[in-house]
Amino acid sequence: NAHLIPALGRVRICDLTPQLIESYYAWVMRNKNLASNTVRKHHVLLHSALKLAYRQGIIDSNPVDRVEPPRLTPARQTFYNAEQLARLLDLSEGTALELPIKLAGYLGLRRSEIVGLRWCDVDLARGTVSIRSVRTAAGPRVVCKAPKTAGSMRTLDISCVTDLTALLERQLAAHRALMAER
């Protein structure tokens, strides 16, 4: 709706050419500041749609087959150094973000893994946290599901991270008190 339809929505499918598609890619990268990885997704979407039109006999060939998608740009990760992480942990202490920040900082958990945690995944007696589900948004819905790969399902040792285990113990006690009130 934001890019394809305004740029190509008035062009009849049979009038789409490789040159028109290439100029669209250049236009959205230049004028809409879309990354090449995003434009590759547009390429895949266009290819799939036009492949269906080809199979249905609406067009004689898929013009996207003759278009080179933009090159993938490798993702660039940045990480906090020890000093930055210590500062973030200090700043988050006593806030609602303290636990998620500690889970991410100490264990390297992803956001979807943190919000997918349940109390049944935390074993304070053994000192472990098990990643068995993730929670993510699918449009307006929140979806709880298994992680994408079997390797993402794991159990992590937290017994040596004393401030994290102490925080989890306090949070669990508060949770149990809240449940007892209900």
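Definitions and limits used
Residues numbered from 1 in each chain as written. Predicted model: local features only at pLDDT ≥ 70, side-chain atom pairs only at ≥ 80, totals over all residues. Heavy atoms only, no water. Helix = DSSP H or I, 4+ residues; strand = E, 2+ residues; numbered from the N terminus. Rg over C-alpha atoms; globule rule 2.2 N^0.38 Å. Buried < 20%, exposed > 50% of the residue type's maximum accessible area, 1.4 Å probe, protein only. Contact = heavy atoms within 4.5 Å. Areas by Shrake-Rupley, 256 points an atom, 1.4 Å probe, with all protein chains shown as cover. Lys, Arg positive; Asp, Glu negative; His and termini not counted. Charge placed at Lys NZ, Arg CZ, Asp CG, Glu CD. Pairing = 2+ DSSP bridges. Phe/Tyr/Trp six-rings, centres within 6.5 Å; stacked < 30°, edge-to-face > 60°. Expected span 1.5 Å × (residues − 1). Arc of directions from axis to C-beta.

In this structure, what is going on with the overall build of the chain? I would like to understand it.
Helix and strand counts for the chain come out as seven helices and five strands. Its helices and strands taken in sequence order, the chain reads α-α-α-α-α-α-β-β-β-β-β-α from the N to the C terminus. What you see for the chain is a C-alpha radius of gyration of 24 Å, clearly larger than the 16 Å of a compact globule of 182 residues, by over 25%. Referenced to the eigenvectors of the C-alpha coordinate spread, the extents of the chain come out at roughly 65 × 40 × 30 Å. Counting the 182 residues in the chain, one finds 31% classified as buried. Put simply, 50% of the contacts in the chain that link residues at least 6 apart link residues at least 24 apart. In the form shown here, the chain has an accessible surface area of approximately 12,700 Å², with 53% of it arising from carbon and sulfur atoms. Between the centroid of the 26 positive side chains of the chain and the centroid of its 16 negative side chains there is a distance of 8 Å.

Looking at this model, I keep getting lost on the pairing of strand β3 (residues 134–138). Mind explaining?
On a regular strand, one side chain projects to one face of the sheet and the next to the other, so that they alternate. In this sheet, strand β4 (residues 141–145) lies alongside β3 in antiparallel orientation, the contact comprising five bridges. What sits directly across from Ala137, in β4, is Val142. The hairpin turn running from β3 into β4, its antiparallel successor, is two residues long, and Gly139 in that turn takes a positive phi close to 70°.

What's the story with unusual backbone geometry in this structure? I'm lost.
Of note, Asn33 is a non-glycine position whose phi angle comes to about 55°, a positive value. Considering the arrangement of structural elements, one finds Asn33 in the loop between α2 (18–31) and α3 (36–55). We classify Asn33 as exposed; its relative accessible area is 66%.

For this particular structure, what's the right way to read the packing of aromatic side chains?
Remark: the centre distance and the inter-plane angle together describe each pair of aromatic rings, the angle taken between the planes. In total, this model carries two aromatic pairs according to the counting rule given. With a centroid separation of 6.5 Å and 35° between ring planes, the pair formed by Tyr24 and Trp27 is classed as tilted. Of this pair, Tyr24 and Trp27 both sit in helix α2, separated by three residues, roughly a single helical turn. Since its relative accessible area comes to 3%, Tyr24 is described here as buried.

How should I be thinking about α3 in this particular structure?
Each α-helix turn comprises 3.6 residues. Residues three or four places apart therefore point the same way. Its 20 residues give α3 an end-to-end C-alpha distance of 28 Å, which sits within 8% of 28 Å, the value for a rise of 1.5 Å per residue. Listing the buried residues of α3 in full gives Ser36, Val39, His42, His43, Leu46, Leu50 and Ala53. All buried residues of α3 lie within an arc of 105° about the axis, which places them on one face of the element. With respect to the buried face of α3, the exposed residues turned more than 90 degrees away are Lys41, Val44, Leu45 and Arg55. Next to the buried residues of α3 lie α1 (4–8) and α2. One or two positions beyond α3, positive phi appears at Gly57, with a value near 80°.

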